Amino acid sequence: MKHFRKATAIMLSVILILSLSVTSLASVGVETNTDQYTVAPKAERIFFDVITSAVNAAVKGLAGLFPTPASWEETEEVPGFMAGTETFLTTASKDAKWSLGYDARSILPEDKDDVVGKLYVGGSIGVTRKVASDIHDDLKVRTVALNDGTGRGTALLLAVDSYGLALSDVRTIRMRLAELTEKMNINSITVCVLHQHSAVDTFGMNGNIWEMALINPFRTAAGVRTVNGKNKVYMENLFNQCVKSAQAAVGAMKKGELYMGQADASQYTVDKRQPYVMDPNFTRLRFVPDDGSRETWLVSSPIHCVGNGAAGTVITGDYPYYAEQEVNAVGANLMFVLGAEQSTSQNRNENTVVDYHEDSSRLETTEGFGKAIGRELIGIQNDKRVEPLLNIRYQEISLKIDNAILLLAGKASMFQNIVRKIDGAYQVVTEIGYMEIGRDMAFAVIPGELAPEIAFGGCLDEKYAWSGENWNYPSLQEEVTAAGRNRDLYVLGLANDQIGYIVPDNNYISMLHEDSDSIEFVSLGKNTASEIVKSFDSLLKDLGEKKS
């Protein structure tokens, strides 16, 4: 017992030291080129890599002292996987017609006292208890049910106001919708989060870190339930509201036309990490019902929802909540999903915030920021009709946990992703997907926060990448094109799982170095990106396709 307590104390110390180290270890020099890219000198990078490898090995050794959650040793498949449409069509059926249904409802308890002072807030790991101090906005689940009229079923897309959901929770939602799936021929259920750093913790890592690190290992060893930042009652209500929202959206489906348009998002966002590649647009799918009733807008945004700061304790829906109010005021529904938003932040100034004042609070500027984005969406005038064609396919993949910090965190129940021991190593079981809407749009469905350069190209070369090597893989856009699919690629991020940051292997920076900016600290490992790229390529090559 004495040795076990000592080991847990060491583990906690390592985690806390690494959390703080990104600000305490500074670069000793940089090299700059005409494009303003910088990279630490080679000797410095080698030094940090050696230290990081030593720390990772030590933490991995400590992880071996802690009991393994029973679920990690299971061999049976976790139910709830949905493959998508059985066949991919290249053209729409002659008489095909879009149908869409929408629903939105609160996921917060009716009584404010059940939240404030009781529930944890997602967003950042800290040694103090990050408990909700107030509720500024409602939190919702919004659902779109979409059918292309080709007889291959309806796709459900849910967007939850949350920092993150594990695949285990997504599959719980799918299983509770099994009856609806069978009855209404649902071909896929995709659950995304808007990654608000100001929503109730539904992922787990923002609980009492002391209890998770020091007590949970004993609970695991005893075979009793561990605790983390997730609240069982809150999660049960979230599941129930997701099910009700999906049912209502399917019941509200109407025939109509779908249009795609875009607005400039570049002035609203800033990329904090090289190579500064971003999706520059808000992309809007606008559904217009034939009966003239309320429109529904589905919008992809490249901007992080961190308006009130990662460490804030006030519950907010962030900028999507206020953009929604603007759009609702002109008689339309609005549902956001996030794209490839890793390292993007909100650029808030007099041009991007309604009623901007330098002395405004973060909550006030978040509200004005959302209103400005809402008005951008309302002003879109470049709509093009989208042909009724919806293809979607999912594939289950496994990704090795090379980051020993996350391995320890998992053993302490700080997150509850699906983990299995595969080929002698612990791996996260997750999903990737590929979706086509109309004749011109393709979506990579990604279970985490993807570096945009992986999707769109522009990864750093050997001169400026941390490893001093090239990124020897095509972008996801290039893979789509090489597969003979002449479409523009978009990203549907944080979909069906939250596996953390996904960065190019060649620019996987030492988590101890300031240039990491905490990215690698919450990444599964340096080969995660290449594994996802290879899996996406495999998925594209396995699409069953036929002409209508």
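The preceding data block contains the structure.
Residues numbered from 1 in each chain as written. Predicted model: local features only at pLDDT ≥ 70, side-chain atom pairs only at ≥ 80, totals over all residues. Heavy atoms only, no water.

### Brief notes about the overall build of the protein
If you tally the helices and strands in the protein, you get 13 helices and 24 strands. When the 548 residues of the protein are sorted by exposure, 59% land in the buried category. Considering only intrachain contacts with a sequence separation of at least 6, the fraction spanning at least 24 residues in the protein is 80%. Counting every atom, the protein has about 22,000 Å² of accessible surface; 49% of that belongs to carbon and sulfur. (Helix = DSSP H or I, 4+ residues; strand = E, 2+ residues; numbered from the N terminus. Buried < 20%, exposed > 50% of the residue type's maximum accessible area, 1.4 Å probe, protein only. Contact = heavy atoms within 4.5 Å. Areas by Shrake-Rupley, 256 points an atom, 1.4 Å probe, with all protein chains shown as cover.)

### A look at a negative patch on the surface
Together, Glu-110, Asp-111, Asp-113 and Asp-114 give the surface a local cluster of negative charge. Looking at the secondary structure, you find Asp-114 in the loop between β4 (98-106) and β5 (134-135). For Asp-114, a relative accessible area of 38% corresponds to the partly exposed category. (Patch = residues over 30% accessible without salt bridge, like charges linked within 9 Å, V, L, I, M, F, W, Y side chains within 5 Å. Salt bridge = Lys/Arg side-chain N within 4 Å of Asp/Glu carboxyl O. Lys, Arg positive; Asp, Glu negative; His and termini not counted. Charge placed at Lys NZ, Arg CZ, Asp CG, Glu CD.)

### Observations concerning the nonpolar core
Among the nonpolar cores identified, the biggest contains 61 residues, and Leu-156, Phe-282, Phe-336, Ile-373 and Leu-377 are the most heavily contacted of them. Broken down by element, this core gets its largest block of residues, nine residues, from helix α7 (residues 232-251). Among residues more than four places away in sequence, those in contact with Leu-377 are Phe-282, Arg-284, Trp-297, Val-299, Leu-334 and Phe-336. Membership of the second largest hydrophobic core comes to 59 residues, among which are Ala-166, Leu-407, Leu-450 and Ile-502. (Core = buried A, V, L, I, M, F, W, Y, C linked by side-chain atoms within 4.5 Å.)

### What about a nonpolar patch on the surface?
Taken together, the side chains of Ile-46, Phe-47, Val-50 and Ile-51 make up a nonpolar region of the molecular surface, amounting to roughly 370 Å² of accessible area. We classify Ile-51 as partly exposed; its relative accessible area is 33%.

### Topic: the environment of Lys-255
Position of Lys-255 among the secondary structure elements: in strand β9 (residues 254-264). Along the backbone, Lys-255 and Met-335 are 80 residues apart, and their C-alpha atoms lie at a distance of 19 Å. Apart from residues no more than four positions distant in its own chain, Lys-255 is found in contact with Lys-97, Trp-98, Ser-99, Phe-287, Pro-289 and Asp-290.

### Quick notes on the pattern of salt bridges
Under the criterion given, the structure shown has 30 salt bridges. Notably, a salt bridge pairs Asp-290 with Lys-97, separated by 3.3 Å at the nearest N-O pair. Of this pair, Asp-290 sits in the loop between β11 (281-289) and β12 (295-301) while Lys-97 sits in the loop between β3 (88-89) and β4; the two residues are 193 residues apart in sequence, bridging distant segments of the chain. Between Lys-230 and Asp-169 there is a salt bridge, and its shortest N-O distance comes to 2.9 Å. One end of the pair, Lys-230, is in the loop between α6 (216-222) and α7; the other, Asp-169, is in helix α3 (residues 167-176), and 61 residues separate them in sequence.

### Quick look at the environment of Glu-478
On the secondary structure map, Glu-478 appears in helix α12 (residues 476-482). In this structure Glu-478 comes out as partly exposed when scored by relative accessible area, which is 46%.

### Regarding the packing of α3 against α7
In a pair of packed helices, the angle between the axes and the distance between the axes together describe the arrangement. Look at α3 against α7: their axes get within 9 Å of each other, and the N-to-C directions meet at 50°. The angle between α3 and α7 falls in the class oblique. The way α3 lies across α7 gives a crossing that is right-handed. Two secondary-structure elements touch here, α3 through Asp-169, Thr-172, Ile-173 and Arg-176 and α7 through Met-235, Glu-236, Leu-238, Phe-239, Asn-240, Cys-242 and Val-243. A per-class count over the contact of α3 with α7 returns six nonpolar, two polar and three charged. (Axes fitted to C-alpha atoms, helices over the stretch in contact; angles between N-to-C directions. Parallel < 35°, antiparallel > 145°, perpendicular 65-115°, else oblique. Left-handed = near helix turned anticlockwise from the far one by under 90°. Nonpolar A, V, L, I, M, F, W, Y, C, P; charged D, E, K, R; others polar.)

### As for the pairing of β11
A large share of β11 lies buried, amounting to seven of its nine residues. Judged from the nine bridges that link them, β9 and β11 form a sheet pairing that is antiparallel. Each residue of the ladder has a partner; that of Ala-263, found in β11, is Phe-282. Pairing of β11 with β12, which is carried by five bridges, proceeds in the antiparallel orientation. Bridge pairing in β12 places Leu-285 opposite Leu-298. (Pairing = 2+ DSSP bridges.)

### So, the packing of aromatic side chains
By the definition in use, this model includes 13 aromatic pairs. Pairing Tyr-37 with Tyr-276 gives two aromatic rings, centres 6.2 Å apart and planes at 50°, and the pair type is tilted. Here Tyr-37, found in the loop between β1 (31-32) and β2 (38-39), pairs with Tyr-276, found in the loop between β10 (269-271) and β11; they are 239 residues apart in sequence, far enough to count as distant. For the cation-ring pair, Arg-284 lies above Trp-297, with the distance from its terminal atom to the ring centre recorded as 4.4 Å. (Phe/Tyr/Trp six-rings, centres within 6.5 Å; stacked < 30°, edge-to-face > 60°. Lys NZ or Arg CZ within 6 Å of the ring centre and 35° of its normal.)

### Notes on the pairing of strand β18 (residues 419-422)
Where β18 and strand β19 (residues 425-437) come together, four bridges link them in antiparallel fashion. The partner of Val-419 across the bridge, within β19, is Val-428.

### Some thoughts on helix α13 (residues 528-541)
Taking 1.5 Å of rise per residue, the 14 residues of α13 would be expected to cover 20 Å, and the 20 Å separating its terminal C-alpha atoms lies within 8% of that figure. Those residues of α13 not exposed but buried are Thr-528, Ala-529, Ser-530, Ile-532, Val-533, Ser-535, Phe-536, Leu-539 and Leu-540. Looking at the buried side of α13, the elements it contacts are β17 (390-400), β19, β20 (441-445), α11 (452-456), α12 and β23 (501-502). (Expected span 1.5 Å × (residues − 1).)

### Overview of helix α2 (residues 42-63)
The terminal C-alpha atoms of α2 lie 31 Å apart, and with 22 residues this matches the ideal 32 Å at 1.5 Å per residue to within 8%. When α2 is considered as a whole, its buried residues turn out to be Glu-44, Arg-45, Phe-48, Thr-52, Val-59, Leu-62 and Ala-63. Down the axis of α2, the buried side of the element spans an arc of 110°, and every buried residue falls inside it. More than 90 degrees from the buried face of α2, the exposed residues found are Lys-42, Ala-43, Val-50 and Lys-60. (Arc of directions from axis to C-beta.)

### Observations regarding the side chain of Asn-228
Among the structural elements, Asn-228 can be located in the loop between α6 and α7. Reaching out from Asn-228, the side chain makes a polar contact with the backbone nitrogen of Lys-230 at a distance of 2.9 Å. For Asn-228, the contacting residues outside a window of four places in its chain are Gly-204, Gly-207, Met-212, Ser-413 and Gln-416. (Polar contact = N/O pair within 3.5 Å; in protein donor to acceptor, adjacent residues only side chain to side chain.)

### Let's talk about the packing of α2 against helix α10 (residues 404-411)
Running from amino to carboxyl end, α2 crosses α10 at an angle of 20°, the nearest separation of the two axes being 8 Å. Taken as axis vectors, α2 and α10 run roughly parallel relative to one another. The way α2 lies across α10 gives a crossing that is left-handed. Where α2 approaches α10, its residues Asn-56, Val-59, Lys-60, Leu-62 and Ala-63 are matched on the opposing element by Ala-404, Ile-405, Leu-407, Leu-408 and Lys-411. Here the residues of the contact of α2 with α10 are counted per class, giving seven nonpolar, one polar and two charged.

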